[in-house]
Amino acid sequence: MQASEAEKPRIVILISGNGSNMQAIAEAVHNKEIDAEIAGIISNRPLAEGLTKAQAMGLHTDIIDHTLYASRDEFDHALIRMIEDLKPDLVVLAGFMRILTADFTRYFEGNLLNIHPSLLPKYQGLNTHQRALDAGDSEHGVTVHFVTEELDGGPNAIQAILPILDIDNAKALQQRIQVQEHIIYPIAVKWFCEGRLSMEGQHAFLDGQELPASGVQLRS
Ligand code: GAR
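In short, a report on the structure.

**Focus on the site of the ligand**
Right, on to step 1. The environment of the ligand is formed by Asn18, Gly19, Ser20, Asn21, Gly95, Met97, Ile115, His116, Pro117, Gln178 and Glu181.
Right, on to step 2. Residue asparagine 21 places a side-chain N or O atom 2.9 Å away from an oxygen atom belonging to the ligand.
Right, on to step 3. Between histidine 116 and the ligand, the recorded distance is 3.2 Å, taken from a side-chain N or O atom to a nitrogen atom.
Right, on to step 4. Here the ligand, which alone exposes 450 Å², has 85% of that area covered by the protein.
Right, on to step 5. Secondary-structure elements contributing two or more residues to the shell around the ligand are helix H1 (20-30), strand E5 (112-116) and helix H6 (170-193).
Right, on to step 6. Of the residues assigned to the shell around the ligand, the class counts are 3 nonpolar, 7 polar and 1 charged.

Structure, rendered in structure tokens:
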């Protein structure tokens, strides 16, 4: 039996920019590939392109402009209240370009996912594609992971891995990686919403089995 609308897991997605990962997840929900409800999209940037995309899909949107808050703490506490108003079961960071306080990450721990464009734990932080090229790596990729206090450090759920080609530059690599992002983020969200993916004691579990540190790996 299908869960009624009221019983579906509620997803809140946080964005700062383009919102293509938000769109991929929202489309998967719309197409019933993920049995969930998008409770709302929150942007810290009033002009984020993702807001227009979300509105075009008929989704509820909220803006919380970080520049209007005196401190990171004040912003994060206001953000927690805004998210809580949407009664989420899962909070998804999709290109949300703010460093979050420990108060925030602890509040949602176990129910908070992020996508990061590298094969974590490699290349935490910014400019990941250029750093992989500069290091002469033969592979690069993207990771969906649970968020903990440690920046880009929580347990991995799933990674997509791509070979780096001789002709690659950062832009080309970023574009190929984004195609993979739009595949693996909906998969991770689907697993979570089905109760298959969880975090316990700083480890990720899928179907009751502890995942390896890399998470599930998809290779192209
Ligand atoms: C994505 O490529 C995501 O991997 C990256 O921001 C982009 C957002 O794109 N996230 C980070 O760098 C987090 N450290 P989108 O707004 O089109 O989804």
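**A short note on the packing of aromatic side chains**
Right, on to step 1. Scanning all chains against the criterion turns up 4 aromatic pairs.
Right, on to step 2. Centroid distance phenylalanine 104 to phenylalanine 108: 5.1 Å. Interplanar angle 55°. Geometry classified as tilted. Of this pair, phenylalanine 104 and phenylalanine 108 are both found in helix H4 (residues 102-108), 4 residues apart, which corresponds to roughly one turn of the helix.
Right, on to step 3. Since its relative accessible area comes to 0%, phenylalanine 104 is described here as buried.
Right, on to step 4. Ring geometry for tyrosine 107 against phenylalanine 108: centres 4.8 Å apart, planes inclined by 70°, an arrangement best described as edge-to-face.
Right, on to step 5. When its relative accessible area of 45% is taken as the criterion, tyrosine 107 is described as partly exposed.
Right, on to step 6. Looking at phenylalanine 108, the relative accessible area reads 5%, which means it is buried.
Right, on to step 7. Here the guanidinium or amino end of arginine 98 rests over the ring plane of phenylalanine 75, the centre of that ring lying 5.4 Å away.

**Describing a nonpolar patch on the surface**
Right, on to step 1. There is a patch of nonpolar side chains on the surface, built from Val179, Ile183 and Leu218 and spanning about 230 Å² of accessible area.
Right, on to step 2. Locating valine 179 in the fold gives a position in helix H6.

**So, H1**
Right, on to step 1. Counting buried positions along H1 yields 8 of 11 residues, so the element is predominantly enclosed.
Right, on to step 2. Looking at H1, one finds that the buried residues are Ser20, Asn21, Met22, Ala24, Ile25, Ala26, Ala28 and Val29.
Right, on to step 3. Backbone geometry just after H1 places lysine 32 at a positive phi near 65°.

**A closer look at unusual backbone geometry**
Right, on to step 1. The amide bond that connects leucine 120 to the next residue, proline 121, takes the cis arrangement and shows omega of 20°.
Right, on to step 2. By the secondary structure assignment, proline 121 is in the loop between E5 and helix H5 (128-134).
Right, on to step 3. Residues other than glycine seldom take positive phi values, yet lysine 87 does so here, at roughly 50°.
Right, on to step 4. The topology assignment puts lysine 87 in the loop between helix H3 (72-85) and strand E4 (90-93).
Right, on to step 5. Of note in the backbone geometry, aspartate 207 takes a positive phi value of approximately 50° without being a glycine.
Right, on to step 6. You can see aspartate 207 is positioned in the loop between strand E9 (203-206) and strand E10 (209-210).
Right, on to step 7. Assessed through its relative accessible area of 45%, aspartate 207 is described here as partly exposed.

**Describing the sheet that holds strand E1 (residues 10-15)**
Strands belonging to one sheet form pairs held by backbone hydrogen bonds; the direction of such a pair is parallel or antiparallel.
Right, on to step 1. Pairing is mixed across the open sheet formed by 8 strands, whose spatial order is E3-E2-E1-E4-E5-E6-E7-E11. With one partner strand each, in any of the chains shown, strand E3 (61-63) and strand E11 (216-219) form the two edges of the open sheet. Sheet twist, expressed as the mean angle between neighbouring strand axes with direction ignored, is 20°.
Right, on to step 2. Pairing of E5 with strand E6 (residues 139-146) involves 4 bridges; the strand directions are antiparallel. Residue pairing across strands places histidine 116 opposite threonine 143, the latter belonging to E6.
Right, on to step 3. Lying over the sheet, H1 contacts E1, strand E2 (37-43), E4 and E5, oriented at roughly 165° with respect to E2.

**A short note on the side chain of serine 20**
Right, on to step 1. Note that serine 20 resides in helix H1.
Right, on to step 2. Within the local environment of serine 20, its side chain forms a polar contact with the side chain of histidine 182, the two groups lying 2.8 Å apart.
Right, on to step 3. Beyond its immediate chain neighbours, meaning those up to four positions away, serine 20 contacts Lys53, Gln178 and His182.

Criteria and thresholds
Residues numbered from 1 in each chain as written. Predicted model: local features only at pLDDT ≥ 70, side-chain atom pairs only at ≥ 80, totals over all residues. Heavy atoms only, no water. Near = heavy atom within 4 Å. Polar contact = N/O pair within 3.5 Å; in protein donor to acceptor, adjacent residues only side chain to side chain. Areas by Shrake-Rupley, 256 points an atom, 1.4 Å probe, with all protein chains shown as cover. Helix = DSSP H or I, 4+ residues; strand = E, 2+ residues; numbered from the N terminus. Nonpolar A, V, L, I, M, F, W, Y, C, P; charged D, E, K, R; others polar. Phe/Tyr/Trp six-rings, centres within 6.5 Å; stacked < 30°, edge-to-face > 60°. Buried < 20%, exposed > 50% of the residue type's maximum accessible area, 1.4 Å probe, protein only. Lys NZ or Arg CZ within 6 Å of the ring centre and 35° of its normal. Patch = residues over 30% accessible without salt bridge, like charges linked within 9 Å, V, L, I, M, F, W, Y side chains within 5 Å. Salt bridge = Lys/Arg side-chain N within 4 Å of Asp/Glu carboxyl O. Pairing = 2+ DSSP bridges. Axes fitted to C-alpha atoms, helices over the stretch in contact; angles between N-to-C directions. Contact = heavy atoms within 4.5 Å.

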